[in-house]
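Below, each chain spelled out in residue letters.
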Amino acid sequence: AYFSGLIASDGHLRHGDSIKNKKKDYSVTIKLKLTDINILEQFKTALKSEHKIGIHHSFDERTNKVYDSCTLQIHEKKLHDDLTKHGIGHTKSKDLKIPENIPNELLHYHFRALLDGDGSWFFSNTNKDSLNMSIVSSSFDFINQFKSILEKECNLHDNKIINEINTSGVYRLVYGGNLQCHKIADWIYQGDKYPCLERK
């Protein structure tokens, strides 16, 4: 449940012609910061995979900095097709959805990964003691589905989705205040910290 959420947020699915063997190539890729490599190692263990984790160093001319990343790419048609069947496909920026068949007792793991990938926790500029949680998506339907489930599971107030499509290409959902944010944290962790991106 966690890793399906991580693929939905930070992963990429591909199918196309392979140059090497002239057959259809099906792959699932997750790329993270190098400091998050332990998550990819846990994913390999969960899948009993022998795929190698690639380490990359890329220079960004805009920031004049070198960024270190790690990538796990799995060429497996069944994994690719299963994820696509459950709403995590190659066009997930447009038609991403939360799988309907995740058992309720595992749903918080999926949401934890979605927040690890596309969410953030931060303190307000106007009130350094007030915690906020934000998540973004380019799909309104997905962010609305996320909102409905989160508010139901955490007993939150009805919140407004912020439309930033014209400026940053995303829809944003923000919950502010320590009470609401602690309700969210209590639900997505439930006393069980792992797996997670430890920096978040």
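Residues numbered from 1 in each chain as written. Predicted model: local features only at pLDDT ≥ 70, side-chain atom pairs only at ≥ 80, totals over all residues. Heavy atoms only, no water.

Enquirer: How would you summarise the packing of aromatic side chains if you had to cite specific residues and measurements?
Expert: Using the criterion set out here, one finds six aromatic pairs in the structure. Between the aromatic rings of Phe111 and Phe146, the centroid separation amounts to 4.7 Å while the plane-to-plane angle is 25°, which identifies the pairing as stacked. Note that Phe111 is positioned in helix 5 (residues 107-118) and Phe146 in helix 6 (residues 140-154), a separation of 35 residues in sequence. Note on Phe111: relative accessible area 0%, which makes it buried. A centroid spacing of 6.3 Å and a plane angle of 50° characterise the contact between Phe142 and Phe146, whose relative ring orientation is tilted. Of the two residues, Phe142 and Phe146 both sit in helix 6, four residues apart, roughly one turn of that helix. Each member of the pair, Phe142 together with Phe146, is buried. (Phe/Tyr/Trp six-rings, centres within 6.5 Å; stacked < 30°, edge-to-face > 60°. Helix = DSSP H or I, 4+ residues; strand = E, 2+ residues; numbered from the N terminus. Buried < 20%, exposed > 50% of the residue type's maximum accessible area, 1.4 Å probe, protein only.)

Enquirer: Could you give an account of the pattern of salt bridges, with specific residues and numbers?
Expert: Enumeration over the complete set of coordinates arrives at nine salt bridges. Here Arg14 and Asp25 are joined by a salt bridge, their closest N and O atoms 3.2 Å apart. A residue pair is termed long-range when its members are at least 10 positions apart, and Arg14 in strand 1 (residues 11-17) and Asp25 in strand 2 (residues 24-33) qualify at 11 residues. For Asp25, a relative accessible area of 16% gives the class buried. Put simply, Lys78, Asp82 and Lys85 are held in one network by salt bridges that share partners. (Salt bridge = Lys/Arg side-chain N within 4 Å of Asp/Glu carboxyl O.)

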